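Examining the three-dimensional arrangement
Listed below are the residues making up each chain.
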Amino acid sequence: MSSDLLRGMGVALTTPFMDNGDIDYGSLDAHLDYLIDGKTDYIVALGTTAETPTLSADEKHKLALHILDYVDGRCPVVVGIGGNCTGSIVEELRRMERLSEFAAILSVVPYYNKPTQEGMYRHFAEIAKASPVPVILYNVPGRTGVNINTDTIIRLASDFRGKIIGIKEASGNMEQAQNVMTRRPAGFLVISGDDSLAHSMIRLGGDGVISVLGNAYPRQFAEMIHRSLEDETAESAARLHQQFSALYSLLFKDGNPAGIKCLLHLLFPSYREVLRLPLVPVTDETRRGMLEERL
């Protein structure tokens, strides 16, 4: 698969729940249609925004395959497969049925046990060897407690060309992102993991975003991302970026995906604002802000 298919706007898909906490597949299907009709470039299943830590192994397996089948080739689907036990991830990659039908896997830097840079390199090397599809690294130090540095990223990108094809960069460190862009091998993607930084990262040479806000406004946010990717329309992209400025902070004020689920419920009342503990809905203050700032 060409990495060019994963340029633009990917959406980190939410998992809708019924009032009793079961997965709401009806709302999920309607949401997928909305995203695809809104020109989403690709879907990311089982990311952080999907509340994946609260899903059982059976739920994750069923959900991933349901999304793949419902999308039915209308856009690429990336699936999140990561963790902090290398052996368990390798075993999951070997056992997961139909994994080869996904465009790529998104695999997070190991969390909690704080590996060294050499440990991170060996972790992702084993994943790259075991995966039948390309791998996108996911760097999010705010959640994992560790940062994968530029040297390690470039070492992995160079040693596993065509296997490790990009990184979702959510460290907020624009200097590191720019260093990766400068040193990366041809075809290696640098994808923003922060909606608010996506425009700026693309202007530095980035390749798009894996977006939370795109769940609610796929057409508008995709337009901003694609205009950002086109040099000649930088000013219009900046104007589009600014219209989301208040929502960027509101979305994450009470955690993710509490913010985006609130916004989706405000836009589409049939989409329930239900989260699984330990996550809870946003405060009334945040909800009022969403009502004022929604497009």
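Keep in mind that this is a model prediction, so the values were computed, not measured.

**Concerning helix H3 (residues 86-95)**
Within H3 the residues assigned to the buried category are Ile89, Val90 and Leu93. With its buried residues spanning 100 degrees around the axis, H3 presents them on a single face. Facing away from the buried side of H3 by more than 90 degrees, the exposed set consists of Arg94 and Arg95. Looking at the packing, one finds that the buried side of H3 touches strand E4 (104-108) and helix H4 (117-130).

**Structural notes on the environment of Val140**
Along the chain, the position of Val140 falls in the loop between strand E5 (135-139) and helix H5 (141-144). Note: C-alpha distance between Val140 and Glu169 (29 residues apart in sequence) is 6.8 Å. In this structure, Val140 is in contact with Val108 and Ala170, ignoring residues within four places of it in sequence.

**Some points on the environment of Leu251**
Note on placement: Leu251 falls in helix H11 (residues 245-253). For the pair Leu251 and Tyr34, spaced 217 residues apart in sequence, the C-alpha separation works out to 20 Å. Excluding its chain neighbours within four sequence positions, the residues that come into contact with Leu251 are Leu213, Gly259, Ile260, Leu263 and Met290.

**Focus: the packing of aromatic side chains**
If you walk through the whole model with that rule in mind, you get six aromatic pairs. Ring geometry for Tyr34 and Phe268: centres 4.9 Å apart, planes at 70 degrees, overall edge-to-face. Linking Tyr34 in helix H1 (residues 25-37) with Phe268 in the loop between helix H12 (258-267) and helix H13 (284-293), this pair joins segments that are 234 residues apart in sequence. Ring geometry for Tyr121 against Phe160: centres 6.4 Å apart, planes inclined by 45 degrees, an arrangement best described as tilted. With Tyr121 in helix H4 and Phe160 in the loop between helix H6 (150-159) and strand E6 (164-169), this residue pair connects regions lying 39 residues apart in the sequence. The class for Tyr121 is buried, based on a relative accessible area of 12%. Taking relative accessible area as the criterion, Phe160 reaches 14% and is therefore assigned buried. Within the aromatic cluster, the residues linked to one another by ring pairs are Tyr217, Phe221, Phe244 and Tyr248. The lysine or arginine in question, Arg155, covers the ring of Tyr121, its NZ or CZ lying 3.5 Å from the ring centre. Looking at Lys168, its charged tip hangs above the ring of Tyr138, at a distance of 4.2 Å from the centre.

**Regarding the pairing of strand E2 (residues 42-45)**
Burial along E2 is two-sided: the face carrying Tyr42 and Val44 and the face carrying Ile43 and Ala45 are both buried. Looking at chain direction, strand E1 (residues 8-12) and E2 are connected through three bridges and run parallel. Looking across to E2, one finds that Val11 is bridged to Ile43. Between the parallel pair E1 and E2, the chain is carried across by H1, and the sense of this crossover is right-handed. Pairing between E2 and strand E3 (residues 77-80): three bridges, direction parallel.

**Remarks on the environment of Gln176**
Within the secondary structure, Gln176 sits in helix H7 (residues 174-183). Here Gln176 falls in the buried class, since its relative accessible area comes to 7%. As for Gln176 and Arg94, which are separated by 82 residues in sequence, their C-alpha atoms are 33 Å apart. With sequence-adjacent residues up to four places away left out, Gln176 is seen in contact with Asn139, Asn147, Ile148, Asn149, Thr150, Ile153 and Glu169.

**Overview of the pattern of salt bridges**
The final tally for this structure, using the stated rule, is 17 salt bridges. Close ionic contact of Glu101 with Arg98 constitutes a salt bridge, the shortest N to O distance being 2.9 Å. By relative accessible area, which is 28% here, Arg98 ends up partly exposed. Salt bridges sharing partners connect three or more residues here, namely Arg7, Arg184 and Asp207.

**Looking at the packing of H11 against H13**
H13 packs onto H11 with a crossing angle of 155 degrees between their chain directions and a minimal axis gap of 10 Å. Judged by the inter-axis angle, H11 sits roughly antiparallel to H13. Between H11 and H13 the crossing geometry is left-handed. Note on element contacts: H13 touches H11 through Glu285, Thr286, Gly289, Met290 and Glu293, opposite Ala246, Leu247, Leu250, Leu251 and Lys253. Taken together, the residues that form the contact of H11 with H13 break down as five nonpolar, two polar and three charged.

Thresholds applied
- Residues numbered from 1 in each chain as written.
- Predicted model: local features only at pLDDT ≥ 70, side-chain atom pairs only at ≥ 80, totals over all residues.
- Heavy atoms only, no water.
- Buried < 20%, exposed > 50% of the residue type's maximum accessible area, 1.4 Å probe, protein only.
- Helix = DSSP H or I, 4+ residues; strand = E, 2+ residues; numbered from the N terminus.
- Arc of directions from axis to C-beta.
- Contact = heavy atoms within 4.5 Å.
- Phe/Tyr/Trp six-rings, centres within 6.5 Å; stacked < 30°, edge-to-face > 60°.
- Lys NZ or Arg CZ within 6 Å of the ring centre and 35° of its normal.
- Pairing = 2+ DSSP bridges.
- Right-handed = clockwise from strand over helix to strand, strands pointing away.
- Salt bridge = Lys/Arg side-chain N within 4 Å of Asp/Glu carboxyl O.
- Axes fitted to C-alpha atoms, helices over the stretch in contact; angles between N-to-C directions.
- Parallel < 35°, antiparallel > 145°, perpendicular 65-115°, else oblique.
- Left-handed = near helix turned anticlockwise from the far one by under 90°.
- Nonpolar A, V, L, I, M, F, W, Y, C, P; charged D, E, K, R; others polar.

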